[in-house]
Amino acid sequence: MSRIILKISGEVLKEDDKNVSEKKLNIIKEIIEELKKDKHKIGIVIGGGNYFRGRDHNNMAPIKKDAIGMMGTVINALYISDFLDKHKIKNEIYTPFDFPYLIENFSDSELKEKYENDEIIIFGGGIGKSGFSTDSGASFAAKKVKASLIIKLTTVDGVYDKDPKTNKEAKLFKTLTFNEVIENNYKVMDTSAFKECKENNIDIIVMNFEKYKYLNETIKKHNIGTFIGGSNE
């Protein structure tokens with residue numbers, strides 16, 4: 001059993017002309033069911049890139065575009081929560097800011113209790129501040145519930161030495177230490193999130209969303225994607 005945060009890119013929810021595909025929501029449900037077989041405790045941090053990516057809007061004020069991005073993650077959290085409700089999977093949405101009458105506000109102790117009681121916690125809104133991505137939201141969430149592992153499910157197979165989407169000779173790393181990631185500035189997650197995970201002994205697995213059926217095997221064997229952690233000396 002592990003205490004896990006799933007970091008899911010908003011882009012993986014898209015399919016064809018749909019920002020949120022029911023097929024992709026069903027995969028998230030299957031991921032949860034698979035992880036529950038090994039009694040893992042699960043939190044989800046969802047991105048918002050299926051609606052809006054701030055880096056594509058350089059003409060906007062940073063605070064405004066960050067706010068739009070945060071709202072996108074809350075929309076995705078609501079979609080996921082509604083889908084899980086329909087399949088009788090207990091879940092709660094947590095955001096770092098208030099949505100009176102829409103999303104219940106929990107104290108840290110209530111949040112931890114729900115996580116301990118095997119409810120799925122869906123984190124929306126990042127850390128609630130401008131200038132931070134949902135990668136920082138994942139390390140923030142892991143600290144809140146004392147998770148020991150973040151699994152980043154994304155559109156690439158792991159951490160590469162170059163961008164695999166533009167360079168066919170890019171090398172995939174199987175394991176890395178935090179120091180190696182930070183010193184070489186590998187871009188799969190924000191440096192601030194890597195540093196926070198290093199300081200709090202939170203390991204990371206980066207893997208392709210499409211390989212979700214191998215999650216439990218990957219947690220045990222680190223045989224798919226890239227494992228980041230271990231010795232930082």
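Residues numbered from 1 in each chain as written. Predicted model: local features only at pLDDT ≥ 70, side-chain atom pairs only at ≥ 80, totals over all residues. Heavy atoms only, no water.

1. Remarks on the side chain of Ser-81
No. 1: Relative to the elements of secondary structure, Ser-81 occurs in helix α2 (residues 62-86).
No. 2: Taking the relative accessible area as the measure of exposure, Ser-81 reaches 11% and is therefore buried.
No. 3: Not counting chain neighbours up to four residues away, the residues in contact with Ser-81 comprise Asn-91, Ile-93 and Ile-122. (Helix = DSSP H or I, 4+ residues; strand = E, 2+ residues; numbered from the N terminus. Buried < 20%, exposed > 50% of the residue type's maximum accessible area, 1.4 Å probe, protein only. Contact = heavy atoms within 4.5 Å.)

2. Section: helix α3 (residues 108-116)
No. 1: Within α3 the residues assigned to the buried category are Leu-111, Lys-114 and Tyr-115. Considered in projection along α3, the buried side chains sweep an arc of 100 degrees and stay on one side of the axis.
No. 2: Where α3 is buried, its residues meet β1 (3-8), β2 (41-46), β3 (91-94), β4 (120-123) and α4 (134-145).
No. 3: The positive-phi residue at the C-terminal boundary of α3 is Asp-118, with phi of around 70 degrees. (Arc of directions from axis to C-beta.)

3. Side note on the nonpolar core
No. 1: Within the largest apolar cluster, 37 residues are counted, with the highest numbers of intra-cluster contacts made by Leu-6, Ile-8, Ile-31, Ile-151 and Leu-153.
No. 2: Sorting the residues of this core by element identifies β1, α1 (22-37), β2, α2, β4, β5 (149-154), β7 (203-208) and α7 (215-221) as the ones contributing at least two each.
No. 3: A per-element tally of this core places α1 first, with 6 residues.
No. 4: Formed by 28 residues, the second largest nonpolar core is a distinct cluster that contains Leu-111, Ala-141, Phe-173 and Ile-228. (Core = buried A, V, L, I, M, F, W, Y, C linked by side-chain atoms within 4.5 Å.)

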